Amino acid sequence: MVPSTHGGESPWRARPWPEHEAGPMSRKSWDGVELMAALRSGAERLESRVAEVNALNVFPVPDGDTGTNMLATLKAAIAEGEATLAAGVTAIDQVSEAVARGALLGARGNSGVLLSQILRGLPQAVRGRKRARASEIANALSIGVLHAYSAVATPTEGTILTVAREVAASALADIESATELRPFLLKIAESARVSVDKTPTLLAVLREAGVVDSGGAGLQLILEGIADVPFVVPSAT
């Protein structure tokens, strides 16, 4: 929890993750069906705390809509991916293309645009594949970070950019030991939490307001939800 310099407490604090009745999903790879389940879980986690993320919004403009914009962007990505599944397509490369397209077309605000750029890395990392393992997910994050930094004229550290970059570095460092996705994704989510907690040390406006970066916090929640995705039955193909 970050203490507020204005008195009281920051609106942001760590909370226990919800427990799904069916138990979390743990596999060595995901197809498009499992990817969409993970993204839905990420959206649900963000939506459950979207007001808190909005309350953190002081940079670059204190307009209180970071969480709302990220959620709208992610829902647009999910809608496009779900439409692809409904057409009978389950290979992760094609579903990922749809997700990235939906995020790009549905991006709202600065935070939504950056989230859409991070998601752009997914189809590039899984091109030609029906399923994705930890190595492809790590590469997707790394490619997405490059897109996100390129989308900003003057990248500022202590923002979602920093969080995404440090998450990608953590993912790449863990791929050699990753045998199942859930432990791997839990480490990614934890690296996001650590990165978010230190954003005030990198950006003075956050430190002065006594908050963490709102975009980074939104990304942390999405990654937590993805890591805690409930079990789904993958496609038979």
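Sequence order sets the numbering: in each chain, residues are counted from 1 along the sequence as written. Local features in a predicted model are, by the rule used here, given only for residues with pLDDT of at least 70; side-chain atom pairs are given and counted only at 80 or more, and totals for whole chains, interfaces and linings are based on all residues. The basis for every side-chain value is the complete set of heavy atoms in the structure, and neither hydrogens nor water enter the calculation.

Engineer: So what's going on with the overall build of the protein chain? Residues and values would help.
Structural biologist: Per the secondary structure count, the protein chain includes 10 helices and 0 strands. Taken from N to C terminus, the helices and strands of the protein chain fall in the order α-α-α-α-α-α-α-α-α-α. Taking all 237 residues of the protein chain together, the buried fraction comes to 53%. Within the protein chain, contacts between residues separated by at least 24 positions form 75% of all contacts whose residues are at least 6 apart in sequence. Counting from the N terminus, the helices are DSSP H or I runs at least four residues long and the strands are E runs at least two residues long. Burial status follows relative accessibility: with a 1.4 Å probe on protein chains alone, a residue under 20% of its type maximum counts as buried, one over 50% as exposed, and anything between as partly exposed. Note on definitions: a residue-residue contact is assigned when non-hydrogen atoms from the two residues lie within 4.5 Å.

Engineer: Which residues make up helix α8 (residues 181–197), and what are the values?
Structural biologist: Here a helix's expected span is defined as the number of its residues, less one, multiplied by 1.5 Å. Over its 17 residues, α8 runs 24 Å from end to end, which matches the ideal 24 Å to within 8%, given 1.5 Å per residue. Buried within α8 are the following residues: L181, R182, F184, L185, I188, A189, S191, A192, S195 and V196. Looking at the buried side of α8, the elements it contacts are α6 (134–150), α7 (160–174) and α10 (214–227).

Engineer: For the nonpolar core, give the residues involved together with the corresponding values.
Structural biologist: What makes a nonpolar core is a set of buried Ala, Val, Leu, Ile, Met, Phe, Trp, Tyr and Cys residues whose side-chain atoms join them at distances within 4.5 Å. Ranked by size, the top nonpolar core spans 63 residues in total, and within it W30, L39, F184, L185, I188 and L219 carry the most contacts. At 8 residues, the largest contribution of residues to this core is made by α6.

Engineer: Quick rundown of the side chain of N69? Include the residues and the values.
Structural biologist: Following the sequence through the fold, N69 ends up in helix α3 (residues 66–86). Note on N69: relative accessible area 8%, which makes it buried. Ignoring any residue separated from it by four or fewer positions in sequence, one finds N69 in contact with R108, G109, S111 and G112.

Engineer: Please give an account of the environment of G215 that cites residues and values.
Structural biologist: Within the element layout of this structure, G215 appears in helix α10. On the accessibility criterion, G215 (5% relative accessible area) is buried. Taking C-alpha positions, G215 is 9.9 Å from A164, a pair spaced 51 residues apart along the chain.

Engineer: Which residues make up helix α1 (residues 32–48), and what values go with them?
Structural biologist: An ideal rise of 1.5 Å per residue puts 24 Å on 17 residues; α1 measures up with 24 Å between its terminal C-alpha atoms. With 12 of 17 residues buried, α1 lies mostly within the body of the structure. Taken residue by residue, α1 has G32, E34, L35, M36, A37, A38, L39, S41, G42, A43, R45 and L46 as its buried positions. Among the structural elements, α2 (50–55), α3, α4 (92–106), α5 (109–125) and α10 are those in contact with the buried residues of α1. Here a polar contact is taken to be a pair of N or O atoms separated by no more than 3.5 Å, where protein atoms must pair a possible hydrogen donor with a possible acceptor and residues adjacent in sequence count only if both atoms sit in side chains. By the N-cap criterion, in which a side-chain oxygen at the helix start approaches the backbone nitrogen of a residue two or three places on, α1 is capped by D31, the distance to V33 being 3.1 Å.

Engineer: Any details on the side chain of T66? Residues and values, ideally.
Structural biologist: Inspection of the secondary structure puts T66 in helix α3. Since its relative accessible area comes to 7%, T66 is described here as buried. Leave out the neighbours within four places in its chain, and T66 touches V53, N54, N57, S111, S214 and G215.

Coordinates in, geometry out; function isn't part of it.
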